[in-house]
Amino acid sequence: MPQYIIGRKGNQPFKIPPTATGVSGEHAKLLIENGCWTIEDLESTNGIFLRDDKGDFNRIFKMQLSEDAVVRLGNGGYHSYTFMLYRVLAPAGDFSYEFMKIQEIAQQLISLEAKQETVASRNNWIARCSGIGAVLLCSAASSLFHINIDLGIRYMLIASAPVLVGILFQGDAAKLKEIRGRRRKLLVCPNCGRPLSDYEIEQRQCSSCKAK
Ligand SMILES: [Zn+2]
């Protein structure tokens, strides 16, 4: 039943750099019992934060997590320390498990992005065709219902249709941007925290700190 006290004065098998002043001496307790990983805040000054699927960190106090959960000790910036829980079992300087997980996340993001890009190109197509749609609607109105739409209004409708359709699809555009933004937050070096390029992810090595 391995149990670790994680902190600047903790007994975890990795070093927390002296620059991480936001980490308390005894910051958190990590208990591994029957394959269950539980982390608990030891009333630290700056708290424990769990990274979610979108790359945002949310404060936790005591929680059962999986070994690939990414946790930050402290409230962000250079004074915090972020690590994947599995680090307590990994040999020193061996980040292969973390890089494998990063590759998995990268794959998921690629397929999410591809799906959303399909939606975006469909939306673009609809927006481009909406001008013609407006023309057809105006002719239908006049031939079927004998409503004569003023020429000026017709032009206005035709010109503004793509803009109006664009507004309708704003949510989809925001979603695509949000998915792309996740890359920056999730695909970072497990050692130095720097965002990784596609090449580095493929090679499973950070070109800056050389972690692999
Ligand atoms: Zn690095």
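Residues numbered from 1 in each chain as written. Predicted model: local features only at pLDDT ≥ 70, side-chain atom pairs only at ≥ 80, totals over all residues.

### Here we look at the overall build of the protein
Within the protein one finds four helices and eight strands. Ordering the α and β elements of the protein from the N terminus gives β-β-β-β-β-β-β-β-α-α-α-α. Its C-alpha atoms give the protein a radius of gyration of 26 Å, more than 25% over the compact-globule value 17 Å for 212 residues. The principal-axis extents of the C-alpha atoms in the protein amount to approximately 85 × 35 × 35 Å. Counting over 212 residues, the protein shows a buried share of 17%. Relative to all contacts within the protein whose residues are 6 or more apart in sequence, the contacts with residues 24 or more apart total 46%. (Helix = DSSP H or I, 4+ residues; strand = E, 2+ residues; numbered from the N terminus. Rg over C-alpha atoms; globule rule 2.2 N^0.38 Å. Buried ≥ 20, exposed ≤ 12 C-beta atoms within 10 Å, placed from the backbone. Contact = placed C-beta atoms within 7 Å.)

### Section: the nonpolar core
Soluble globular proteins tend to pack their nonpolar side chains together in the buried interior. Core analysis: the largest hydrophobic core is formed by 13 residues, its most contacted members being Ala28, Ile39, Ile48, Val71 and Leu73. Those residues in contact with Ile39 that sit more than four places away from it in its chain are Ala28, Leu30, Ile48, Met63, Leu65 and Val71. (Core = buried A, V, L, I, M, F, W, Y, C linked by C-beta atoms within 7 Å.)

### Some thoughts on the sheet that holds strand 3 (residues 36–41)
Pairing is antiparallel in the open sheet, where four strands are placed in the order 1-2-3-6. Because the sheet does not close on itself, it has two edges, and the strands there are strand 1 (3–6) and strand 6 (62–65). This sheet shows a mean twist of 20 degrees between the axes of neighbouring strands, independent of strand direction. As paired strands, strand 2 (residues 28–33) and strand 3 are joined by six bridges and run antiparallel to one another. Across the sheet, Leu31 pairs through a bridge with Thr38, a residue of strand 3. (Pairing = 2+ DSSP bridges. Axes fitted to C-alpha atoms, helices over the stretch in contact; angles between N-to-C directions.)

### Some details on the domain arrangement of the protein
Annotation of the protein at the domain level lists domain 1 (3–88) and domain 2 (96–203). The partner domain 2 presents eight residues to the six residues of domain 1 that form the contact. Split into classes, the residues belonging to the side of domain 1 that touches domain 2 amount to two nonpolar, two polar and two charged. (Domains from an automatic or database assignment. Nonpolar A, V, L, I, M, F, W, Y, C, P; charged D, E, K, R; others polar.)

### Thoughts on the packing of helix 1 (residues 96–145) against helix 2 (residues 151–168)
The geometry of helix 1 relative to helix 2 is characterised by a closest axis approach of 8 Å and an angle of 145 degrees between their N-to-C directions. Handedness of the helix 1/helix 2 crossing: right-handed. Residue-level contacts link Ile126, Ala127, Arg128, Ser130, Gly131, Gly133, Ala134, Val135 and Cys138 of helix 1 to Arg154, Leu157, Ile158, Ala161, Pro162, Val165 and Gly166 of helix 2. A class-by-class count of the residues in the contact of helix 1 with helix 2 yields ten nonpolar, four polar and two charged. (Left-handed = near helix turned anticlockwise from the far one by under 90°.)

### Some points on the sheet that holds strand 8 (residues 81–84)
Read from one edge of the open sheet, four strands run 5-4-7-8, paired in antiparallel fashion. One side of each edge strand has no neighbouring strand; the edge strands of this open sheet are strand 5 (57–60) and strand 8. On average, each strand axis in the sheet is tilted by 30 degrees relative to the strand beside it, whichever way the strands run.

### A word on the packing of helix 1 against helix 3 (residues 170–186)
Where helix 1 meets helix 3, the axes come as close as 9 Å, and the angle between the chain directions of the two elements is 160 degrees. Relative to helix 3, helix 1 is oriented roughly antiparallel. For the pair helix 1 and helix 3, the sense of crossing is left-handed. In this structure, helix 1 uses Ile105, Leu109, Leu112, Glu113, Gln116, Glu117, Val119, Ala120 and Asn123 to contact helix 3, whose residues at the interface are Asp172, Ala173, Lys175, Leu176, Ile179, Arg180, Arg182, Arg183 and Leu186. Tallied by class, the residues present in the contact of helix 1 with helix 3 amount to nine nonpolar, two polar and seven charged. (Parallel < 35°, antiparallel > 145°, perpendicular 65-115°, else oblique.)

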